[in-house]
Structures are given as C-alpha cells and as structure tokens.
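Each chain is listed here by its residues.
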Amino acid sequence: MINITLPDGTVRQVESGATSMDVAESISSGLARKVLAAEVNGEVRDLGRPIFEDADLKLLTWDDEGAKSTLWHSGAHLMAEALEALYPGIKFWVGPPVENGFYYDVDFGGAAFSEKDFDLVEKKMLELARQKNPYVRKDITKADAMAFYKEKGDEYKLDLLEGLEDGTITFYTQGNFTDLCRGPHIPDTGYIRAVKLMNVAGAYWKGDESNKQLTRIYGVAFPKQKMLDEYLVMLEEAKKRDHRKLGKELDLFTFSEKVGQGLPLWLPKGAQLRARLENFLKEAQRKAGYEPVITPHIGNKELYITSGHFAKYGADSFQPIETPAEGEVYLLKPMNCPHHCEIYKSRPRSYRDLPVRYAEFGTVYRYEQSGELHGLTRVRGFTQDDAHIFCTVDQVKEEVSKVIDLVLYIFQTLDFQDYQVQVSLRDPETPEKYIGSDENWENAETAIREVAEEKGLNTVIELGEAAFYGPKLDFMVRDAIGRKWQLGTVQIDYNLPERFELEYTGADNAPHRPVMIHRAPFGSMERFVAILVEHCAGKFPLWLTPEQVRILPLSDRFIEYCEGLEKVLDNYDIRALIDRRAEKVGKKIREAELDKVPYMLIIGEKEAESGELAVRKQGEGDLGTMSVEAFASFIDDEIGALLNKQE
RNA sequence: GCCGGUGUAGCUCAGUUGGCCAGAGCAGCUGAUUUGUAAUCAGCUGGUCGGGGGUUCGAAUCCCUCCACCGGCUCCA
C-alpha cells in the first residue's frame, strides 16, 4: 500500500500501482466524472498513469490550468487525427496547448487549407470524439521512434526526435493517430464535447523567417457545448471594446490610404483626449523635475551613425532624404535620444547639475513591416512621451526607482491594474546582437533587477528581449483581444553616452561619463490611447472625456436657455455641448448614451423656470434634479476622486 | 516582409449558379412635427461595387496584378 496525500492534507491508502483515476473514484463518482488530469508531486500527468510510491496528489478539473491545458493538448491531437483522416499524407510539426486553446503546425504539402475547411474538420473531430478513443501512452526507444517516422517519411518529427534523449521518449495514440508526445492527456476523446477551429495562419518552421512556412491551425475544445457558447459570446464582447471599432464610433481617429498606412489621423475628440493625457503627464513631470525640450522631426544621418541606430536599423527604415542643393543626407527621426544627447552636449556639465531630465513628446517614424501594423497600437508615425535622464552611476538606481513610481502613478490614476512587469535582459547566446561592454551591461542589468525587486513588482525575466544598447523594464498590458503590448518602459543605457562622448565634471575636477536612462511612462500616445479605449470600453474617466455633459433641450424653445446654461457650465470648467436638433428627447438621449457622454441634462419648461437641472447619468439613467451649483460640485467631486485615488 | 482571408454609399450590411439603369437601414439634406428620460414622419441626395488589366455578347460576381484592411508568423530602436 502507498500513501496518497490530497491537497487538504488527508491521506488515502491505495494499492501500489493504482491510478489517479482510481483515487478519484474512491472519493466520489461525481469527482471521477469531472476530473481531467492529475498533478502528482507537482507534475501534471495522465489520470491513468499508475502511482507506485507515496505521493502528493491533486485531482485537476476544468477550472485548474493544468487540466485545461491537458484537454486542449488532447484537442490538438484530436484535430491532427481528423486532419490526417481528411488529408492523407500531410505532415505535422508541433501541436501544443496555448493560452486560449491549442494549435497544430501542419505541412499540407502545397495543398491550400483555409477557413472554408473548418467545418469539415470540426465535424470529423466531433465524430472521432464520440468514439471515446483512449489516449494511450507508450514508452518507446529512440531507435523505434525514428524507424516509425522514417517509414512515414516525416522529416519534422525526425527533427524533433534528434533533440530528445533515449529513455524519455513517449508516443500517444488515440484511434488511428499516433504522435510523438510527452503528454499528459485526458483519458479519452469522449471528454471533448465541443470544438471550434478559430483561425489559420502561416507560421515559420521553428519560428525562423528563413525557414519554410507551415500552416498553423488554431482551435479550442471544451468538455461542454455550453462552455464553447459562452467563450464565443465572450469573444464577441471583447471585439466590441476593440479600439479600432470604438475609435471610429467615437470619432477619435482615422486612417487614410492616401496619407499612408500606419499613419494615424487624430480627429478633434481624439486629439482632445490625447492632449489631456499629455497635460496630465506634463504636470506630473514638472513636479518630478523634468525639463521640457523640443527637437525636429528629422536629423542628419551622421547623428544616427554616431548613435548606432543607422547601422542597426538603417536598411529597414524609411529611406534617407537628401537636400537638393548640397546633397546632405537626413533621416526621419526614429528616436529622440540622439537629439537629446546633443542638447546635453550643448554646454559643459557639472556633477552638480545631475541628474538632468529632458522630456519631450517626440514624434518618431519607423518603417514597421506592413503585416505588423495594427490600429493605433502599432503604427509608423507615433509620439513617445519620451524623456532622457542623464545621471551619475550612483544615481541610476534612484532615478529608475522614481521613473517606476511615475508609471505606477499613471497606471493607478487610470485604474490599470492588470499589467505585468517584464525585465528584458541580454540573451547570453547571441552577444553579437548587443553593443557595449560586458561590464556596463552587468551594471545596468543588476540595477534594473534590484530596483524591480525593491519595488516588489510582479516581474517576469525575459532573456534576449533587451534593446541592443541596454536592458529594459517594461509595463506590459493586454488589449481587448488578449494581445500583449508594451506601455511604460525604462531603459538603462551606458552606450549612447559613450558614443556621443557625453561628460560631466566631477567633484574631483576630472571628466566623467554620465549614464542615460530612456523612459516613457505611456510608451507612445497612440498605443496608450488605444489601450485606454479598450480598458474603459470607450467610457473615459470624466476628467479625460472630450464631452463631459450634453445638454438636451426638450424643444427649440429652450435652446436659448441652454446656451446660457452652457456658458455657466463653462465657467465651472465643465465641457458641455447642446444637441440642438429638432428631435424628440428620447432620440437625443439614445444618441448621447451611444456616444458615451457621461452626463445628460434634460432641459424643458420646468428647468427653465426653476433653474434646476434634470440630470441623467450615462449607463445608469435619471438622477433626478439638482441646482447648477450642486451639479458643478458633483462633477468636481467625481473628477477629484478620480485624480486623487493614488493618495 | 510571409501564409490565409476580406474589400459594395460616411457607417452597418443585402446582392442566388456572370444577365433589367446596383439595393436596404442608419447618417446627411429639405420639409412637417415642438417633443419629458434609449430611435417622430415624409421626400431627396449619395456608389466608375478598393485601383488597374484581362476573359466574355455581357463582370460587383471569373482570372491576373497592385493597394488597403483582418487573423496569425517573423520583426519591434
């Protein structure tokens, strides 16, 4: 007998060789029906794997990540089985579970596969699922596995096998499909009751652009049809928050083929919103000791040769501009830092001056690959809320710390809670991708890691994600459809000061080299506004929203009174517009609601006589009547609460 | 950039297997209505069916090409 310890601490004695499923059945038949996988001593396994020693056991049901990914992994195998049955001779690369389902990379051997084929595959998957074929695990020698795939003529799986050690190799078979796989899997295909293929896309083999492109098919699988239905509804809801859709509906921004792809045009409401965000940050930066600077949109090519950007990105950038007479070569500014370096150099610096903090809402232009452009989150012309801090080595940690505080202040004010802090370091395997001395890199990486730790940030370390000149600390958030984007960023740079030969005179009266910190709390105004739109589903905080109040006269007899009211509100710094159309109030309300205007004032006979306001709140309805003064302080309180929440 | 998909009025969409002068709702304009908490009524305007080329007696519908957008991949100073 062996002792199985369950998460609640209870110990069950079972025969050696019993399976996790046996344990589940011994607890309750209800649990046995729901359980999908087992976590044995911290490792997720098949329910059918026998246990021979004392172990900690957690039975995993759908709500456990481990169970979900197990079922999705099995879904990938089920999809592969269906595909192989429908398209004989196709070859498979890998088919892992991912965050929202699974995918499988397939070589269709030149045959086209598109969304039109989804239906057929889904039907086949469900048909195979109903057969309740068990997922059978089998240990196999490397030689036998190689022989199996040689006979199949499958170069992809042979390639995978190359990297595996004999003795660790397992096959899983369900129905007629056998796959090289370490598992785990659900007991049988019958656990999958609902499937849907989500999309199909090209994916380079091994993620390398120079390799052949395989067909990647994404899908989801669920143990209940209802779960799939709910998932699809959720996706629909998320699409409604998409900033590209809301940006159009709320008249925030647009694009024009004629202007060029990836070059956003800010409409008046969007521009107002953005200006308010900028002013908010300008004020915070002023308090934090930043000084504004302004630099042009182009710069001499020499500037970027000095900075190293030309060597690194020159060929992949918008191409140089030449002056007609002198033949001088200029580049569209892809970065603000070289310009700021030259500002630093414009006069001698003393250690007493440091840190120097130059801030600029600097618009930069980058030739992003056409397939990468995406709404406002990835564009070719955008404005960074950039600043460069020039400081001594001793000041680096404190400055980084202050920048992080600034980002957190902004996130808190705008109620961004769901973010991840990514610490991007060098990839030790590819030193050729980076410039600068090892010693400087060491210093910078250590500083960033230490500050992140001291701040108690929830960080993930990413090797190989550093900028070519230094490590980064990025605040990552998700958009409505689950994609991750970088917003706030802090980057330490020992490199540019060297390239630009920046100096300051120390207390020892000798020249020293400053350290540079690049930082942008929003990241770019475009991306930040995009994420903000999605975050609040277009219902902006009252202090930011372009139109805070819409005045709705009941008939045109009251327009004049409303105009007076508008002026009064303006004196209170309340942004109000009048809907003057000869429409019924119901329609005006409906449209104000759809425009997500926070407050509506319905003005008719009663209001004109009494001077009171009939107030309606967007999304909530009638708030009753109040005086203008009461309304103004009501608005004021709401804004105050929003802006002071960090205190 | 690569793979796949999409592209019809300002917006959202219909347009059977190629076949009358290409349709609807909303928006816009004109007029009527003067309205009490999510759509008042009527009339009108508006599209070289993404651009170009081709097949055909005939193309929004089929083919080629370019452009843009969408979903991924790769990239992201």
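How each quantity is defined
- Residues numbered from 1 in each chain as written.
- Chains lettered and ligands numbered in written order.
- Predicted model: local features only at pLDDT ≥ 70, side-chain atom pairs only at ≥ 80, totals over all residues.
- Heavy atoms only, no water.
- Near = heavy atom within 4 Å.
- Polar contact = N/O pair within 3.5 Å; in protein donor to acceptor, adjacent residues only side chain to side chain.
- Helix = DSSP H or I, 4+ residues; strand = E, 2+ residues; numbered from the N terminus.
- Nonpolar A, V, L, I, M, F, W, Y, C, P; charged D, E, K, R; others polar.
- Pairing = 2+ DSSP bridges.
- Axes fitted to C-alpha atoms, helices over the stretch in contact; angles between N-to-C directions.
- Contact = heavy atoms within 4.5 Å.
- Domains from an automatic or database assignment.
- Salt bridge = Lys/Arg side-chain N within 4 Å of Asp/Glu carboxyl O.
- pLDDT = per-residue confidence, 0-100.
- Parallel < 35°, antiparallel > 145°, perpendicular 65-115°, else oblique.

Quick look at the protein's contact with RNA strand B
- Around RNA strand B, a shell composed of 55 residues is seen, among which Q213, M335, S370, E372 and R483 lie nearest.
- Counted by atom, the contact set of RNA strand B within 4 Å of the protein is 49% sugar and phosphate.
- Here R557 contributes a side-chain N or O atom positioned 3.1 Å from a phosphate oxygen of RNA strand B.
- If you list the elements that add at least two residues to the surface near RNA strand B, you get β14 (194–204), β15 (213–222), α8 (243–249), α11 (309–313), α18 (585–594), α19 (605–610) and β34 (612–617).
- In terms of residue count, the dominant contributor to the surface near RNA strand B is α18 (seven residues).
- Here the residues of the surface near RNA strand B are counted per class, giving 19 nonpolar, 14 polar and 22 charged.

With respect to the sheet that holds strand β13 (residues 177–180)
- If you walk across this open sheet you meet the three strands as β11-β12-β13, and the pairing is antiparallel. Either end of the sheet is taken by a strand with one partner, and the two such strands are β11 (136–139) and β13. This sheet shows a mean twist of 25° between the axes of neighbouring strands, independent of strand direction.
- In this sheet, strand β12 (residues 170–174) lies alongside β11 in antiparallel orientation, the contact comprising four bridges. Paired with D139 across the two strands is T170, which belongs to β12.
- Each of β12 and β13 touches helix α5 (residues 142–152); the most contacted strand, β13, lies at about 125° to it.

What about the pairing of strand β35 (residues 621–627)?
- The sheet contact formed by β34 and β35 spans six bridges and is antiparallel. Looking across to β35, one finds that V615 is bridged to G624.
- From the end of β34 to the start of β35, which pair antiparallel, there are three residues, and G619 there has a positive phi angle of about 80°.

So, the domain arrangement of chain A
- Domain boundaries assigned for chain A yield domain 1 (2–61), domain 2 (66–238), domain 3 (253–535) and domain 4 (549–642).
- The C-alpha-based centres of domain 2 and domain 3 are spaced at 41 Å.

So, unusual backbone geometry
- Following G183, the chain continues to P184 via a peptide bond in cis, the omega torsion being -5°.
- With respect to the element layout, P184 can be found in the loop between β13 and β14.
- Following L354, the chain continues into P355 via a peptide bond in cis, with omega recorded as -5°.
- If you trace the backbone, P355 turns up in the loop between α12 (337–344) and β22 (356–365).
- Non-glycine residue A537 carries a positive phi angle of around 50°.

What to know about the pattern of salt bridges
- With the rule as written, the count across this model stands at 41 salt bridges.
- Across the pair E249 and K245 runs a salt bridge whose closest N-O atoms are separated by 3.2 Å. One end of the pair, E249, and the other, K245, are both in helix α8, four residues apart, so they sit about a helical turn from each other.
- A salt bridge links R357 to E399, with the shortest nitrogen-to-oxygen separation between them at 2.9 Å. Of this pair, R357 sits in strand β22 while E399 sits in helix α13 (residues 396–413), and the two are 42 residues apart along the sequence.
- Taken together, the salt bridges that share partners define one network made up of R357, E398, E399 and K402.

Examining the confidence of the model for chain A
- Here chain A averages 95 in pLDDT, while 100% of its residues score no lower than 70.
- Of the two predicted TM-score estimates for the complex, the pTM is 0.95 and the ipTM is 0.95.

Notes on the packing of helix α9 (residues 268–287) against helix α16 (residues 525–535)
- Packing of α9 against α16 brings their axes to within 11 Å, and their N-to-C directions diverge by 105°. By the criterion of interaxial angle, the relationship of α9 to α16 is roughly perpendicular. Every residue of α16 that contacts α9 at L273, R274, L277 and E278 is listed here: M525, E526, F528, V529 and L532.
- Residue classes in the contact of α9 with α16 are distributed as six nonpolar, no polar and three charged.

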